[in-house]
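For reference, the chains in residue letters:
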There are 4 protein chains.
Amino acid sequence: MSNLCDKQNEPDNRQIDIDKVGVKGVKYPLVVLDKNNGIQNTVAELGLFVDLPRHYRGTHMSRFLEVLNDEGNVFHIDSIPRLLSAIRKRLNARTAHLEVTFPYFIKKIAPVSGRAGLMDYEIRFDATQSERKIDIIMWITAWVTTLCPCSKAISRYGAHNQRGKVTVSLRSSPQVWFEEVIEIIEQSASGSLYSLLKREDEKYVTEYSYEHPAFVEDVARNVAVKLNEFSNIAWYKVEVENAESIHHHNVYACIEKK
Amino acid sequence: MSNLCDKQNEPDNRQIDIDKVGVKGVKYPLVVLDKNNGIQNTVAELGLFVDLPRHYRGTHMSRFLEVLNDEGNVFHIDSIPRLLSAIRKRLNARTAHLEVTFPYFIKKIAPVSGRAGLMDYEIRFDATQSERKIDIIMWITAWVTTLCPCSKAISRYGAHNQRGKVTVSLRSSPQVWFEEVIEIIEQSASGSLYSLLKREDEKYVTEYSYEHPAFVEDVARNVAVKLNEFSNIAWYKVEVENAESIHHHNVYACIEKK
Amino acid sequence: MSNLCDKQNEPDNRQIDIDKVGVKGVKYPLVVLDKNNGIQNTVAELGLFVDLPRHYRGTHMSRFLEVLNDEGNVFHIDSIPRLLSAIRKRLNARTAHLEVTFPYFIKKIAPVSGRAGLMDYEIRFDATQSERKIDIIMWITAWVTTLCPCSKAISRYGAHNQRGKVTVSLRSSPQVWFEEVIEIIEQSASGSLYSLLKREDEKYVTEYSYEHPAFVEDVARNVAVKLNEFSNIAWYKVEVENAESIHHHNVYACIEKK
Amino acid sequence: MSNLCDKQNEPDNRQIDIDKVGVKGVKYPLVVLDKNNGIQNTVAELGLFVDLPRHYRGTHMSRFLEVLNDEGNVFHIDSIPRLLSAIRKRLNARTAHLEVTFPYFIKKIAPVSGRAGLMDYEIRFDATQSERKIDIIMWITAWVTTLCPCSKAISRYGAHNQRGKVTVSLRSSPQVWFEEVIEIIEQSASGSLYSLLKREDEKYVTEYSYEHPAFVEDVARNVAVKLNEFSNIAWYKVEVENAESIHHHNVYACIEKK
């Protein structure tokens, strides 16, 4: 089909570089490395992008999908560097970006009954390869219980508590495991969530939360203190958001390691 | 422009009536009647639809917008019957449907300090006019606190609690006020949410919730019991969904008056 | 832990049956049958519910998760009847409901270049088992191109077109394949979407759409005509929604086989 | 209630400053300045935050709502500087942040028939006051038509087109009007969206789009070229995302003025 004109290759005289151009919202089956079971099948949402110098009118969008399809029906998370190189090469770009988000499951044991259930987390990678290096930011979201220290302190009984969402984004080398970050998050709140809790477990987590009250600020700081102990984590950001049980709005705290 | 051909008016030979055809996701400023303040300005999302008999190929979508624009820059909720009639007439339809969803605000007083704050609720109307009558379903969503009776009963101290979402849809004649249904919902849970709570209020709502534990089933039944007392409510559905603070999944209960 | 009191088993005197009570938003790895490849790994969102007679205060939420976990780390779609029976038995319920939604992938070949790419669809099952029978509703969502017949007819060149979303829900026995319904949807619009299109494919799909203009009403009727040919489909509903390229609102059509 | 202990004021020894802490997802009626009509009523979603030095355990969340409520039942957009100062003072903070997002409506005239309809846009402000200065970023989102130049060039007739979303964020002093940025966006694509189009208008916009094909890269560059002409715009970012009518994934381009 070489006789079909190539509009994208036309010269452009607006003198403006494009920082990032590509495809978004691509759904794709994904195989990820799993610390305990070897591999895990999941489904990801992907974004693939390149830079576009000022003298080209457009990028060739179909090539992103070709690179992705060359991975076969599944895509391994440890193929990120190879994928970034392939994007740069296939699209003649200086910079390639990959964004990938997926649910991730861990078998979690109830604290008293020992019953197992699958907990879901959300993982995201933002990876960029420019000429000299690859920059990878990993995002991990886990949900927790938070019990309000103020409510506990001023009330004769009870204390309002709620589901909180904790997102840690970080740069590390060598890469930390998802499981390590999830453990840090779950130990930094008033309590940890479970898929399956029997009555004896519910008693345990209720009392545990009451004994470990934590403001949204406390959770963020507890996570930060633990991340500071990792010499291989160069940068991080911790975000905590509580779906307050006494308000319709949420409360939020954020700490970034500069 | 009468010389532009009218594809929509072409005959259709597939012999299939269309039940509902029209426009969705139309954003529009709205003025609603407010029990305490007369009127309230808000922003709605609208759907406007008609039926389409088998012998017409298409409806005339622009006419829905014309009918809406004839209302001026704002749209009053008490204009629903007039709007439905206008849609039927303007589109030569037997049946007209209107769906309208909007946030609604009520000034709410904190229980001890007496401080005021604006609480937001979600209101929806589904209105249908066929040849003989108008059928209006009103939906009201309010958020509440629920405190688990089981967790309280088995634990030495504390009890898990969380934000719950309660949606009541109903048919009534004469129409009940939003405020009446909201009051019913807020009195049927472990506690009610507030925009602004000072420390003395937080103590009050914490202790109140602890004293009023309610399963998702309890909230649904409490609402149903109160709605049963309204002789002008012919049909209702109550849905309760808790964002459990000890699980990542939600729990849900539903009661429908047949 | 038999000494922990069982609040859920307390008698209830409000005299109100609960139609549906259970868990929602449960994420879980799923294995589905795939017409071409045998099986496919995906990730589902699940809801599991039962009815609750008036004389019980609450259901036992943890038992839903136990039933689900008994399936192991993955859940097969052909295990729906077994799962429903297990829910009814484990929760002593007359009626069990299961809702399961997941992305589903099919390798799709570009029309001229023959290049393959993975297309994603959305599948949902709503299954209910009461004492006498199982009722299963299957939902399939596929995205298509629609090109406006009116715009084509009145314009000297071009025609506005856009991405449309088509959802078919149906009851069938024996069950139809996802792939059959997807094929019907994709052949009922102005064109079908692809993951990967090279220039010769883009020329083909552009011209094909221009040659096959279709209103939202046309797509709905085209699907209905084809579904009417299946004697094993007892009931269906077709919904089409276009993200109009000339409006910010959408247009919508719905046909239900009564 | 001075005898209720103040947990938030407790000293903290974790030695970690919190960058941003406060409330999110607060819905509130808003009055905005409107270039043509003076003022406009809308509904906003707000976030209000401060920094928290390392020696305090928690911030006082209720004070954010108090500051907001002091504005009365409505909140004027030109009150942002006053609100930021009030937050800093009321919470003894060095830095105050305000995020506010709302739909905004403009009466728009169809190109041939002259019929009017209300178009909706999305506006957001991110405002930060630290000790020395206020930094305000304004975000404007408008939706457009894009028609693919490649599809037009290679096809005998037609060209795929779709709804695109354009978001411009910028810092300007003096502040530009929403209306100016919206006009720039709408003139940079293949066409502009309307609420109400009669047949003669639909002919016009169809032909206009066909005559003005634009890649996602073209739209981003066209916007950037026009923003470069404003000497009062110090920084901007342009993002364009097309809901491709031939793919289920989107295409995206981004230009940032450094």
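Keep in mind that this is a model prediction, so the values were computed, not measured.

Expressed as a screw operation, the relation of chain D to chain C combines 0.0 Å of axial shift with a rotation of 180 degrees, fitting to an RMSD of 0.0 Å. On this basis, the relationship between the two copies can be described by a two-fold rotation axis.

So, about the relation of the copies chain A and chain D. Between chain A and chain D, the superposition needs a rotation of 180 degrees and an axial shift of 0.0 Å, giving an RMSD of 0.0 Å. Of the residues that chain A buries at the interface, 100% are likewise interface residues in chain D, meaning the two copies contact each other through the same surface.

Attention now goes to the packing of aromatic side chains. Applying the stated criterion across every chain, the model contains 24 aromatic pairs over all chains. Taking the centre distance of 5.5 Å and the plane angle of 70 degrees together, the rings of Tyr252 of chain B and Phe49 of chain C count as edge-to-face. Here Tyr252 of chain B is found in strand β10 (residues 250-256), whereas its partner Phe49 of chain C is found in strand β2 (residues 38-52) on a different chain. For Tyr252 of chain B, a relative accessible area of 7% gives the class buried. Between the aromatic rings of Tyr157 of chain C and Tyr210 of chain D, the centroid separation amounts to 5.2 Å while the plane-to-plane angle is 35 degrees, which identifies the pairing as tilted. Taken together, the positions of Tyr157 of chain C in the loop between α3 (149-154) and β7 (161-172) and Tyr210 of chain D in helix α5 (residues 199-211) put the pair across two chains.

A few words on the domain arrangement of chain A. Residue and element names in this part refer to chain A. Under the domain assignment, chain A is made up of domain 1 (1-102) and domain 2 (110-258). Taking the mean C-alpha position of each, domain 1 and domain 2 sit 32 Å from one another. In this assembly, 18 residues from domain 1 lie in contact with 17 residues from domain 2. Among the residues domain 1 hides against domain 2, the three largest losses belong to Lys35, Arg88 and Phe102. Together they make up 33% of the total. Inspection of the domain 1/domain 2 interface yields zero salt bridges. In this structure, the connection of domain 1 to domain 2 is made through six residue pairs in polar contact (both at pLDDT 80 or more). Elements supplying a minimum of two residues to the side of domain 1 that touches domain 2: β1 (18-34), α2 (80-90) and β4 (96-109).

Next up on the list: the environment of Asp19 of chain C. Structurally, the position occupied by Asp19 of chain C is in strand β1 (residues 18-34). Considering only alpha carbons, one finds Asp19 of chain C and Val32 of chain C, 13 residues apart in sequence, at a separation of 29 Å. Those residues within four positions of Asp19 of chain C in sequence are excluded, and the remaining contacts are Cys254, Ile255, Glu256 and Lys258 of chain B together with Val50, Asp51 and His97 of chain C. Here Lys258 of chain B takes part through its side chain, which lies 2.2 Å from a polar atom of the side chain of Asp19 of chain C.

Note on placement: Thr145 of chain D falls in strand β6 (residues 134-147). There is a polar contact of 2.6 Å between the side chain of Thr145 of chain D and the backbone oxygen of Ser245 of chain C. Not counting residues within four places of it along the chain, the set of residues in contact with Thr145 of chain D comprises Ser245 and Ile246 of chain C together with Asn161, Gln162, Ala189, Ser190, Gly191, Ser192, Leu193 and Ser209 of chain D.

In this section: the interface of chain A and chain D. Counting residues at the interface gives 51 residues for chain A and 51 residues for chain D. Buried surface at the junction of chain A and chain D, summed over both partners, amounts to about 4,100 Å²; 58% is from carbon and sulfur atoms. Between the two partners, chain A and chain D, sit ten salt bridges. The closest approach of N and O atoms between Asp218 of chain A and Arg57 of chain D, which form a salt bridge, is 2.7 Å. Every element with two or more residues in the side of chain A that touches chain D is listed here: β1, β2 (38-52), α3 (149-154), α6 (216-227) and β10 (250-256) of chain A.

A word on the pattern of salt bridges. Following the criterion strictly, the structure yields 85 salt bridges over all chains and no others. Of the charged contacts in the structure, one is a salt bridge between Lys108 of chain D and Glu186 of chain D, with a shortest N-O distance of 3.0 Å. Pair noted here: Lys108 of chain D is in strand β4 (residues 96-109) and Glu186 of chain D is in helix α4 (residues 178-186), with a separation of 78 residues, a long-range link. Residue Lys108 of chain D shares its accessibility class with Glu186 of chain D, and that shared class is buried. Between Glu207 of chain D and Lys203 of chain D there is a salt bridge, and its shortest N-O distance comes to 2.9 Å. Note that Glu207 of chain D and Lys203 of chain D are positioned in helix α5 at a spacing of four residues, about one turn of the helix. When sorted by exposure, Glu207 of chain D lands in the same class as Lys203 of chain D, which is buried. One salt-bridge network, in which partners are shared between bridges, spans Lys7, Glu10, Asp12, Arg14 and Arg57 of chain A together with Asp218 and Arg221 of chain D.

Cut-offs used in this document
- Residues numbered from 1 in each chain as written.
- Chains lettered and ligands numbered in written order.
- Predicted model: local features only at pLDDT ≥ 70, side-chain atom pairs only at ≥ 80, totals over all residues.
- Heavy atoms only, no water.
- Least-squares fit on C-alpha atoms with pLDDT ≥ 70 in both.
- Contact = heavy atoms within 4.5 Å.
- Phe/Tyr/Trp six-rings, centres within 6.5 Å; stacked < 30°, edge-to-face > 60°.
- Helix = DSSP H or I, 4+ residues; strand = E, 2+ residues; numbered from the N terminus.
- Buried < 20%, exposed > 50% of the residue type's maximum accessible area, 1.4 Å probe, protein only.
- Domains from an automatic or database assignment.
- Buried area = accessible area lost by both parts, 1.4 Å probe.
- Salt bridge = Lys/Arg side-chain N within 4 Å of Asp/Glu carboxyl O.
- Polar contact = N/O pair within 3.5 Å; in protein donor to acceptor, adjacent residues only side chain to side chain.

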